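Remarks on the overall topology
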Amino acid sequence: MESKRIILAVSGASGSLYAASLIKGLLDRDDVDLHVIISDAAKKVLALETDLAPEDLTRGATVHADDDIAAPPASGSWKHDGMIICPCSMATLSAVATGFGHTLIHRAADVTLKERGKLILVPRETPLSAIHLHNMLTATQAGAVILPACPGFYHRPATIADLTDQVAGKVLDQLDIPHSLFRRWGE
């Protein structure tokens, strides 16, 4: 089976546990070549929200520094099968919506859209302002998928991991990556 090359970018929004669930789901597979970019703000949020260090999230993945705008994901000639920004801060959403390529995360997202690749944004903010909604609409019109970190409850979650795994599973569904992170409706 041919491996899928996936980029996971972690920005500075609250919700680093969603990224941890995604990384777990992606690294559990032998057919995923995972490339991770963690912003400086995300590293700070990770330390505030969890006992995890960035290295705990990235074991087994190729890591790119967010300030390395010459890294492979910055180029449209570097082929991949999809990019996820999870969690996606409103600042990162704004950069994606406007094509502002200041960091590797922003540039890789811009390149993904221009190459008509799959870009999944997982915003974790509430309430949303008109500016946030406008940026989500703009990103959607450019080809991104907006997948808010809004877990369902039909699978009867008992732990926080059950909630974060359900959102991570919905993201993996968008990339056609099989998983067993949550029980599907009717199963």
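Here's a quick rundown of the structure. Because the structure is predicted, anything quoted here is derived from the model rather than measured.

1. Here we look at the side chain of Ser 39
Examined against the element boundaries, Ser 39 turns out to sit in the loop between β2 (32-38) and α2 (40-49). Setting aside chain neighbours within four positions, we find Ser 39 in contact with Val 10, Ser 11, Gly 12, Asp 66 and Ile 105.

2. What to know about the nonpolar core
With 30 residues, the main nonpolar core has Ile 6, Leu 8, Leu 22, Leu 26, Leu 34, Ile 84 and Val 122 as its most contacted residues. Those elements giving two or more residues to this core turn out to be β1 (4-10), α1 (16-27), β2, α2, β4 (83-88), β5 (119-123) and α7 (160-174). Looking at this core element by element, the count peaks at six residues for α1. Sequence-distant contacts of Leu 26, that is, excluding residues within four places in its chain, are made with Ile 6, Val 32, Leu 34, Ile 84, Leu 172 and Ile 177. Listed in part, the 22 residues of the second largest apolar core include Ala 71, Ala 74, Met 90 and Ile 105.

3. A few points about helix α5 (residues 104-114)
The element α5 is extensively covered by neighbouring structure, given that eight of its 11 residues are classed as buried. Buried residues in α5 make contact with β1, β2, β3 (62-65), β4, α4 (90-98) and β5. Positive backbone phi, approximately 60 degrees, marks Arg 116, located one or two places after α5.

4. So, the pattern of salt bridges
In a structure, side chains of opposite charge can pair up when their charged atoms sit close to one another. A full pass over the atoms with the stated rule returns seven salt bridges. With a shortest N-O distance of 3.5 Å, Arg 5 and Asp 33 are connected by a salt bridge. With Arg 5 in strand β1 and Asp 33 in strand β2, this residue pair connects regions lying 28 residues apart in the sequence. Given the relative accessible area of 28%, Asp 33 is considered partly exposed. With a shortest N-O distance of 2.7 Å, Lys 114 and Glu 115 are connected by a salt bridge. A residue is classified by how much of its surface remains accessible, and Lys 114, at 43% relative accessible area, is partly exposed.

Cut-offs and rules
Within each chain, residue numbers correspond to sequence positions counted from 1 in written order. A pLDDT threshold of at least 70 governs which residues receive local features in this predicted model, and a stricter bar of 80 or more applies before side-chain atom pairs are shown or counted, although totals over entire chains, interfaces and linings include all residues. In computing side-chain properties, one takes all heavy atoms of the structure into account and sets aside hydrogens as well as water. In DSSP terms, a helix is any run of H or I states spanning at least four residues, a strand is any run of E spanning at least two, and both are numbered starting from the N terminus. Here, residues are in contact when the closest pair of their heavy atoms is within 4.5 Å. Among the buried residues, those of types Ala, Val, Leu, Ile, Met, Phe, Trp, Tyr and Cys that are joined through side-chain atoms within 4.5 Å form a nonpolar core. The rule is simple: take the accessible area with a 1.4 Å probe, protein chains only, and divide by the maximum for that residue type; under 20% is buried, over 50% is exposed, in between is partly exposed. By convention in these notes, a salt bridge is any Lys or Arg side-chain nitrogen within 4 Å of a carboxyl oxygen on Asp or Glu.

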